[in-house]
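This is what each chain is made of:
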Amino acid sequence: MAKVVVLDLDSVPRSEDSRPNCYEAFTGKISMILSQAGEVHEPVYLICVQCQGSSATPPERFVSLRKQVRVLQDNSVSASMYTIKQELDNLDLSNVVILTSSHRRAVLQKYQESLFTALYNFEYITVFDDQRAFSDSPTSLTSGEITEVTDEVSTFLRQLPAVGEMTVLKSSLVPDSFSHGFSTRTGGISYISTLSSLNLFSSSSRRDPKAVVLENIRRLGLQVGFQPHQFHLVKTDHASDVWVVGEEGPERYDGIVTNQVNVVIAAPGADCMPLLFTDPVSKVIGVAHAGWKGTLMGIAMATVNAMVTRFDSKTENILAVIGPSVGSCCFKLEQESAKEFHAIHPDCVRDDGTSKPYVNIRLATRILLEQGGLLSKHIHDDTVTDTPSVTLCTSCRSDMFFSHVRDGTNFGTQIGFLWIKE
């Protein structure tokens with residue numbers, strides 16, 4: 001099993017005289033690993049933030065044992081751990097072995113939580129119990145230590161340069177009393193090719209951690225005018241549940257509605273449609289995440305109906321915008337699922353004689369909204385030709401958008417966002 005080996009020199013006692021038994025145990029273990037008969041080819045990293053001190057363990061002692069060793073003498077542990085993550089990603093690896101002390105293990109695990117996802121497998125080898133002045137439980141962190149790690153990670157990520165210029169698409173249909181937009185893929189700090197660079201969603205099955213996504217959201221907010229604490233993203237389930245802001249909601253939901261000012265609601269998309277709904281008369285808004293499953297389950301009209309029943313909106317006043325999503329040029333479904341779209345309207349399916357015909361989920365959404373009472377002129381999608389379109393194909397436009405269809409499982413996510421101005 002290929003892996004990266006990390007030797008945490010910052011957990012070693014500051015000199016041989018301070019804790020000789022611990023010092024010899026740790027340095028002896030490291031020396032043994034590094035001198036193993038050339039059979040191990042995994043990259044080895046030495047975390048050595050404090051190695052500049054005169055009493056620190058000299059990294060040269062270990063580098064001399066093995067040419068493949070890289071010493072990470074960064075200004076922070078965040079920087080060192082981020083470098084290790086980049087190495088793992090470059091090599092398409094996910095396994096890490098870290099040699100450290102008991103208390104430093106707890107510290108490094110906190111960095112792991114911030115800078116890695118569950119896709120990565122960490123094994124910690126505790127070389128000695130660090131029973132220094134840390135409380136009765138040296139393997140747990142104080143609230144102050146947790147805050148220190150979190151703040152250090154945030155500070156480190158904020159100073160990283162953006163990859164590309166940030167671009168936000170806007171629909172001419174949305175009135176000026178609302179702020180809105182659709183993010184594109186550039187202007188963030190995510191570096192993996194299929195996530196680069198303004199990825200706005202983290203999951204256990206992808207390689208972008210929450211801390212990086214939160215920094216991308218912060219940068220988007222700076223660009224368009226919101227703070228992260230105002231931001232509420234749909235918790236996708238590919239179904240039709242809708243959360244009303246301020247009320248107890250379901251655990252997962254694909255729609256959000258509100259009439260509260262300055263509450264930013266957002267729906268993700270990476271081929272699925274981010275839908276934005278505004279009612280300029282009643283000052284009510286809604287967003288929805290609509291993939292093919294959610295479309296068939298009626299998430300678009302479920303969101304509209306929540307606006308109507310909870311806030312007295314009238315369907316004839318509601319404006320709908322279908323954001324960037326996979327077009328009928330690129331999206332196929334099995335025959336059984338395609339038949340359900342054909343039942344909505346025959347034009348939703350382009351039968352090419354194969355077992356997986358092309359399906360137009362955008363057209364299906366327009367038809368369902370019109371059947372539900374929205375006026376045709378109040379829907380902005382790719383059928384509207386007299387104004388700039390925001391319903392571009394995510395799969396075709398690799399320069400602008402992330403796409404699950406195109407990029408596979410480690411794909412990025414863009415969003416549609418919306419809020420009511422004061």
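For clarity, every value in this text was computed on a predicted model and none was experimentally measured.

Analysis parameters
- All chains use their own residue numbering, which begins from 1 and follows the written sequence.
- Only residues with pLDDT of 70 or above have their local features reported here, since the model is predicted, and side-chain atom pairs are shown and tallied only from 80 upward, although totals for entire chains, interfaces and linings are computed over all residues.
- Each side-chain value is worked out from all heavy atoms of the structure, with water and hydrogens disregarded.
- A helix here means a DSSP run of H or I that spans at least four residues, while a strand means a run of E at least two residues long, and both kinds are numbered starting from the N terminus.
- What makes two residues a contact is simply this: any of their non-hydrogen atoms within 4.5 Å.
- The classification of residues rests on relative accessible area computed with a 1.4 Å probe and restricted to protein chains. Under 20% of the type maximum is buried, over 50% is exposed, and intermediate values are partly exposed.
- Strand pairing requires that DSSP identify at least two bridges connecting the strands.
- Here the nonpolar core consists of buried residues drawn from Ala, Val, Leu, Ile, Met, Phe, Trp, Tyr and Cys, with membership extended through side-chain atoms lying within 4.5 Å.

Asks: Looking at this structure, I do not really get the side chain of T295. What am I missing?
Replies: With respect to the helices and strands, the residue T295 is situated in helix 7 (residues 292–297). Apart from the residues lying within four places of it in its own chain, the contact partners of T295 are M273, A290, F341, I361, A364, T365 and L368.

Asks: I tried to follow the pairing of strand 18 (residues 414–420) on my own but got confused; where do I start?
Replies: On any regular strand, side chains alternate: one points to one face of the sheet, the next to the other face. Of all the seven residues making up strand 18, seven are buried; the element is thus mostly covered by neighbouring parts of the structure. Note that strand 7 (residues 178–183) and strand 18 share five bridges and pair antiparallel. Along strand 18, the bridge assignment pairs F182 with G416. Two strands pair when backbone bridges link them, and strand 11 (residues 264–269) and strand 18 are joined in this way by five bridges, in the antiparallel orientation. Looking across to strand 18, one finds that P268 is bridged to I415.

Asks: For this particular structure, what's the right way to read the nonpolar core?
Replies: Generally speaking, a soluble globular protein has its nonpolar side chains buried in company with each other. Ranked by internal contacts, the top residues of the largest apolar core, which has 35 residues, are L275, F277, F341, C348, V359 and L369. At the level of elements, strand 9 (242–244), strand 12 (273–279), strand 13 (284–290), helix 8 (299–311), strand 14 (319–322), helix 9 (335–344) and helix 10 (361–371) are the ones that each hand at least two residues to this core. Residue contributions to this core peak at seven residues, all from helix 8. Core analysis: the next-biggest nonpolar cluster, separate from the first, contains 33 residues, L88, L108, V153 and F156 among them.

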